[in-house]
Amino acid sequence: MLGEVAKGDDAAFRAVYDQAAPAVLGTVSRILRDPAQSEEVMQEVLLEVWRSSARFDSSVGSAKAWIMTLAHRRAVDRVRSEERAAARELRATSASIEYDEVSDAALASLEQERVRRCLGGLTDLQRQAVTLAYYGGYSYREVAQLLGVAVGTVKTRMRDGLIRLRDCLGVD
Amino acid sequence: MRARRAALHTLVGPYVLDAVTGPERSDFERHVLTCEQCRDDVRGLREAAAQLAAATALSPRPALREQTARAAERIRQLPPVVAGELPARRRGWRGFAARLWPASRGTPATRPWVARLAAVALAALAVTAIVLGVHLSVMQSRISALEQRDSAIAAILGSHDATTLTAQVRTGGMATLVMSHRARALVFMATGLRRLPASKAYELWLMSPAGTKAAGMLPPGQHGMSGPVVVRRLAPGDKLGLTIEPSPGTGQPTSAPVVMVALGP
């Protein structure tokens, strides 16, 4: 599909939009919170996909991973550059509630259910480290602070948690 | 050096989750240039992280679809990266003009994620500017210069025959080369090189029985890293040498190489 987008096919672009926009919007709005900013970033991400689709190479990963990597990084970069220290502090204090939303939210689709089940297979610390970083947009140092554990521990839990997720989800 | 590499390697989890901050992100990305295992790890873990995104879908307002599609119509798409094809730039540097690579024209480049993300980050700048309605011919030309270097690096690192060589530098530090014989090109980087006074600079050379050709200056980098520099048009039997020369470089080496690497067949 991205191959068609790369040739300037706007119908293909709309199809990619339909498939990717909800996950992009969901992810960036978890991190950014602000609906208007989230919509803006979602559009920017999709326009990047349009612009760079010829550069996508399926041998180094799936289209989904490519697009979601763009989206996540963009949201995180924006939150880090724009968020004032005070606002961050505030967000940090409520973070322990936020990661629970991930597992408790009504996750309808099969795919969501699979992710939820796999997240459940992680140790508490692995799950918290992964979800605070991915859904909360926190740096690993911030995650260490939030969880009250050593920085080195957080780094390895993030890696081990992702490995376990990867194996559980059967992606490679 | 080894401890530092090990420390960087533990960042693979935080990196995939975008939980590293600026300097660490670029350190890790440089590390990945020379770490095949890391590349595989990042690739697999990134797929897992993408699934986390799928679990948070929200339906965008319907109006955004047309709005986005219309905005796309006004954005020129990037051409594909063609392995071996490099736009001419740095023309005339001691006769070491960038030229089109022979042979592999037309084959799609395997563009590794590092360089691709770099390119995408640059693309993001342009897209943002378009979204904001900014006119940006100056910015475009700067972006395109950076992109061209990145795509050259990407083409080399992504080629199937990419091999990594390391060598001690006589005056201190370590040189790393990632080379593709097929692309007839290599990426050169070094860590921990001795700092030079402003009047001196590191210069790269391609040395063969037929003579010695200047292969570019090695720019000092951040965090003790120098480079990366792309060296093209390798010929069988070439050696790559690094010498210390008067700034801003000379046409022929005036001192003995501080490191010399035989590039193989």
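Above this note sits the structure.
Residues numbered from 1 in each chain as written. Chains lettered and ligands numbered in written order. Predicted model: local features only at pLDDT ≥ 70, side-chain atom pairs only at ≥ 80, totals over all residues. Heavy atoms only, no water.

A. Highlighting the environment of Ser58(A). Residues and elements named next belong to chain A. Residue position: Ser58 is located in the loop between helix H3 (35-52) and helix H4 (63-82). A residue is classified by how much of its surface remains accessible, and Ser58, at 59% relative accessible area, is exposed. Considering only alpha carbons, one finds Ser58 and Leu2, 56 residues apart in sequence, at a separation of 9.7 Å. (Helix = DSSP H or I, 4+ residues; strand = E, 2+ residues; numbered from the N terminus. Buried < 20%, exposed > 50% of the residue type's maximum accessible area, 1.4 Å probe, protein only.)

B. Looking closely at the state of the cysteines. All told, the structure shown has 2 disulfides over all chains when counted by the stated rule. The disulfide partner of Cys118(A) is Cys168(A), and the S-S distance across this bridge is 1.9 Å. Between Cys118(A) and Cys168(A) the sulfur-sulfur dihedral comes to about -75 degrees; the bridge is accordingly left-handed. Residue Cys118(A) is found in helix H7 (residues 110-120), and its partner Cys168(A) is found in helix H10 (residues 151-169); the two are separated by 50 residues along the sequence. Under the relative-accessibility criterion, Cys118(A) is labelled buried at 2%. Here Cys35(B) is linked by a disulfide to Cys38(B), with a sulfur-sulfur distance of 2.2 Å. Disulfide Cys35(B) to Cys38(B): torsion about the S-S bond roughly 75 degrees, handedness right-handed. The pair Cys35(B) / Cys38(B) is uniform in exposure class, with both members buried. (Disulfide = S-S within 2.5 Å.)

C. Spotlight on the pattern of salt bridges. All names here are of chain A. The final tally for this structure, using the stated rule, is 18 salt bridges over all chains. The residue Glu4 makes a salt bridge to Lys7 at a minimum N-O spacing of 3.1 Å. By relative accessible area, Glu4 is classed as partly exposed at 36%. (Salt bridge = Lys/Arg side-chain N within 4 Å of Asp/Glu carboxyl O.)

D. Quick look at the packing of helix H9 (residues 140-147) of chain A against H10(A). Residues and elements named next belong to chain A. Where H9 meets H10, the axes come as close as 9 Å, and the angle between the chain directions of the two elements is 110 degrees. The angle between H9 and H10 falls in the class roughly perpendicular. When H9 is examined against H10, the residues Tyr140, Arg141, Val143 and Ala144 are found in contact with a partner set consisting of Val151, Val154, Lys155 and Met158. (Axes fitted to C-alpha atoms, helices over the stretch in contact; angles between N-to-C directions. Parallel < 35°, antiparallel > 145°, perpendicular 65-115°, else oblique. Contact = heavy atoms within 4.5 Å.)

E. Broad picture of the nonpolar core. Val24(A), Met158(A) and Leu165(A) are the most contacted members of the largest nonpolar core, which totals 76 residues. When residues in this core are grouped by element, the largest group, 12 residues, is from helix H2 (residues 10-32) of chain A. Apart from residues lying up to four places away in sequence, Leu165(A) is in contact with Cys118(A), Leu119(A), Leu122(A), Val130(A), Ala48(B) and Leu52(B). Listed in part, the 24 residues of the second largest apolar core include Leu204(B), Val231(B), Leu234(B) and Leu263(B). (Core = buried A, V, L, I, M, F, W, Y, C linked by side-chain atoms within 4.5 Å.)

F. Layout of the sheet that holds strand S3 (residues 185-191) of chain B. All names here are of chain B. An order of S1-S2-S3-S6 is seen for the 4 strands of this open sheet, with the pairing classed as antiparallel. Looking at which strands have only one partner, the edges of the open sheet turn out to be strand S1 (163-168) and strand S6 (225-232). Put simply, the sheet's adjacent strands are angled 20 degrees from each other on average, direction ignored. (Pairing = 2+ DSSP bridges.)

G. Seen up close, the pairing of strand S4 (residues 200-208) of chain B. Residues and elements named next belong to chain B. Within S4, 7 of the 9 residues are buried, which leaves it mostly tucked inside the rest of the structure. Looking at chain direction, S4 and strand S7 (residues 239-246) are connected through 8 bridges and run antiparallel. The residue bridging Lys200 from the neighbouring strand is Pro246, located in S7. Bridge count for S4 against strand S5 (residues 211-217) is 5 bridges, and the pairing is antiparallel. Each residue of the ladder has a partner; that of Glu203, found in S5, is Met217. Where S4 folds back on S5, the antiparallel hairpin that results is connected by 2 residues.

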